[in-house]
Amino acid sequence: MTVTKVRNPQPTRRAFPVQALAIGLVAGLLSASAAAGAPNLQGHVPALVAVAQVASADPAKQTPGVVAVSAVDFKRGDGGAGKLIVRFDGDGANPDLRTQGSSVIVNIGNASLPVALQRPLNVTDFATPVQRIDARQGGEGAQLVLSAEGNFESMAYQSGRDYVVEIVPRAGASADRAIGASSPSAVTSSAQASATRAYSGRPVTFNFQDVPVRTVLQLIAEESNLNIVASDTVQGNVTLRLINVPWDQALDIVLQARQLDKRRSGNVVWVAPQVEIASFEKAKEDARLELEERAEMVTEYVPISYGNAEDIAKLLTEESKNSMGGGSQGGGGQGQESRGFLSRRGSLSFDRRTNTLLVIDIPQRVSEIKRLVTMLDKPVDQVVIEARIVIATESFARDLGAKFGVSGSKDRASWGGELNGAGQVAPGLNFSNPVGTGAGSLAFTILGNSIDWAVELSALQEEGRGEIVSNPRIVTSNQREAIIRQGQEVGYLTVTGGQSGNIPTVEFKDVLLELKVTPTITNDGRVFLAMELKKDEINDFIDTGVGEVPQINKREITTAVLVEDGQTVSIGGVYEFRDRSDLRKVPFLGDLPFLGNLFKSRGRSNEKGELLIFVTPKVLRVAQR
């Protein structure tokens, strides 16, 4: 096992040109990296960073064997990155990556590209910076050109026979591209991936060609000021080209390339193969379970003050059963993998009469259950819900009508007539078109030598204004439904036929003011109300011949609304307006100019009605004693 300890962090390293390196420095680097027990390579960091550039000085690396490209694949990575995967049919591939403007070029001098793979690929639909990939075979080997757009960063690493090139969009450019070129689901997944890739380490630049992974871990340890402990099973080489990449992201890429994993404790990071870490954690968990099986059982009584012991018992374990005033969860547990918050031997009982939990388990589990009960058994805040129902009405009516008659006498002969019955108001009237009962009248008679004129004018104007305010108020606990009703039962008579004749029966209708509400207090102090409000009133009675049946006006609203604590909000309203004009007249005579007004009656009515519903919730905080 190798332990890398950092004393003095070094600044970000850059790749050195080949011309600036001496052959003796290279020899020192190779001898230093070959020493498996070297604990501190601080003095050789410049040579280690430049190893990818001077590797060609090795005669064995200058004439590698020719390999063939077996597959070229492209995928969308995390955060909208484009990932090119080039797979070879053998080892020893020597790819070289460089960026020219908006193109990323990968040259593989010792690789051949089959004819079937020498074709352009349009990858615009992946919504990454990469728009096109051109794969071709040149005189100096295989070449792949990635055409990209926008601001991006390129990085590459080699794992076994796979060479991976990632084109990562920079912040600001990736969001615009995702919105313009991808579907909503792609935008969502990209945003989620970006949230998980929150790297904050100092940027580093690595350009390695087939360098030991343990050396890369040492460089990352110096840049991150962390102590990295590498397991003895961490072996193999890695090829990297990372430019201005956060060191924590570079560490994840190296671990991913070599199927490694890490566990951090403070400023110490343990690096080992994924299988080794999984086996270690499994063995640790098995040891913990074995200790639980051998631990001594204890018994605790946990009183419940504000909640319900049965509900809490069901919440803490899925095996709650009721039995004659109490319930228990058995303790055998053979073959059970999960028993809620209990161990395999633990049991949980509750008593309804005293509202108490009985816990039998190992001390660690009992302490955990008591802690959970303390968190759950708290007084619930309460809410005062006040509703105000305002019904405002306004009406106006005006009617005009007339009665008149003509009579006379000549040569001891009289003519004309009088109305009989209810239509007669004054003698000598023989035309009646009055206003309804209750109207004011003005009558006068013109007496002549031979003709008498009698006229009666009637007019009626009515105005009415009314307002009904209902103010139900109720208090309830958080997330508990509350109902308040107030009203009456109106009876009416119905007749049911039978063998002995018609049987009268009295039935009832409810005429109620009802408020039904379920409040939920949110974490930010607001109140979410799911409510039903109903306001009924009797409008009239209809005579059915057997009895009178009530005609009921119904007003009802069902809604869910989020309201600030103490705020009054209007949750609904209805406005009604009626305008009616009536005209009654005698045909032909009523159409005469001026005189036609004596043969007609006019009526006009306006009715306005407005219903407004307001609600005000107020939170009552309840402190625990």
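These figures come from a predicted structure and were not determined experimentally.

J.: Which residues make up unusual backbone geometry, and what values do they have?
T.: Positioned with a positive phi, Asn355 is a non-glycine residue whose angle comes to about 55 degrees. Within the fold, Asn355 resides in the loop between strand S19 (347–351) and strand S20 (356–361). Assessed through its relative accessible area of 18%, Asn355 is described here as buried. A positive phi angle, near 65 degrees, is found at Gln479, a position not held by glycine. As for its placement among the helices and strands, Gln479 is situated in the loop between strand S26 (473–477) and strand S27 (482–498).

J.: Quick one: what's the story with the packing of helix H10 (residues 309–316) against helix H11 (residues 363–376), residue by residue and with numbers?
T.: At their nearest, the axes of H10 and H11 sit 12 Å apart, and the two run at 125 degrees to each other. Regarding the angle of H10 to H11, the classification is oblique. Our pair here, H10 against H11, has a crossing hand that is right-handed. In this structure, H10 uses Ile312, Leu315 and Leu316 to contact H11, whose residues at the interface are Ile369, Leu372, Val373 and Leu376. Broken down by class, the residue content of the contact of H10 with H11 amounts to seven nonpolar, no polar and no charged.

J.: Describe the pattern of salt bridges, and please don't skip the residues or the numbers.
T.: All told, the structure shown has 26 salt bridges when counted by the stated rule. In this structure, Lys282 and Asp286 form a salt bridge, with 3.2 Å as the shortest nitrogen-oxygen distance. With Lys282 and Asp286 both in helix H9 (residues 274–294) and four residues apart, the pair spans about one turn of that helix. Residue Asp286 is classed as partly exposed on the basis of its relative accessible area, which comes to 38%. Note that Asp579 and Arg604 form a salt bridge whose closest N and O atoms lie 3.7 Å from each other. Remark: Arg604 occurs in strand S32 (residues 600–620) and Asp579 occurs in strand S31 (residues 569–585); sequence separation between them is 25 residues. Taking relative accessible area as the criterion, Asp579 reaches 44% and is therefore assigned partly exposed.

About the cut-offs
Once a new chain begins, its residue numbering starts again from 1 and follows that chain's sequence as written. The model is predicted, so local features are restricted to residues of pLDDT at least 70 and side-chain atom pairs to those at 80 or more, both for listing and for counting; the totals for chains, interfaces and linings are taken over all residues. Only hydrogens and water are set aside; all other atoms, that is, all heavy atoms of the structure, feed into the side-chain values. Helix and strand assignments come from DSSP, with helices taken as H or I runs of at least 4 residues and strands as E runs of at least 2, each series counted from the N terminus. The buried label applies to any residue whose accessible area, calculated with a 1.4 Å probe on protein chains only, is under 20% of its type's maximum; exposed applies above 50%, and partly exposed to all values in between. To obtain each axis, a line is fitted to C-alpha atoms, and for helices this fit is confined to the stretch in contact; angles are then taken between N-to-C directions over 0 to 180 degrees. Each angle receives one of four descriptions, namely roughly parallel if under 35 degrees, roughly antiparallel if over 145, roughly perpendicular if within 65 to 115, and oblique otherwise. Handedness of a crossing is defined here by the sense of rotation of the near helix relative to the far one, left-handed for an anticlockwise turn of less than a right angle and right-handed for a clockwise turn. Contact criterion: two residues are considered in contact whenever any of their non-hydrogen atoms come within 4.5 Å of each other. When residues are sorted by character, Ala, Val, Leu, Ile, Met, Phe, Trp, Tyr, Cys and Pro go into the nonpolar class, Asp, Glu, Lys and Arg into the charged class, and all the rest, Gly among them, into the polar class. One speaks of a salt bridge when a side-chain nitrogen belonging to Lys or Arg is within 4 Å of a carboxyl oxygen belonging to Asp or Glu.

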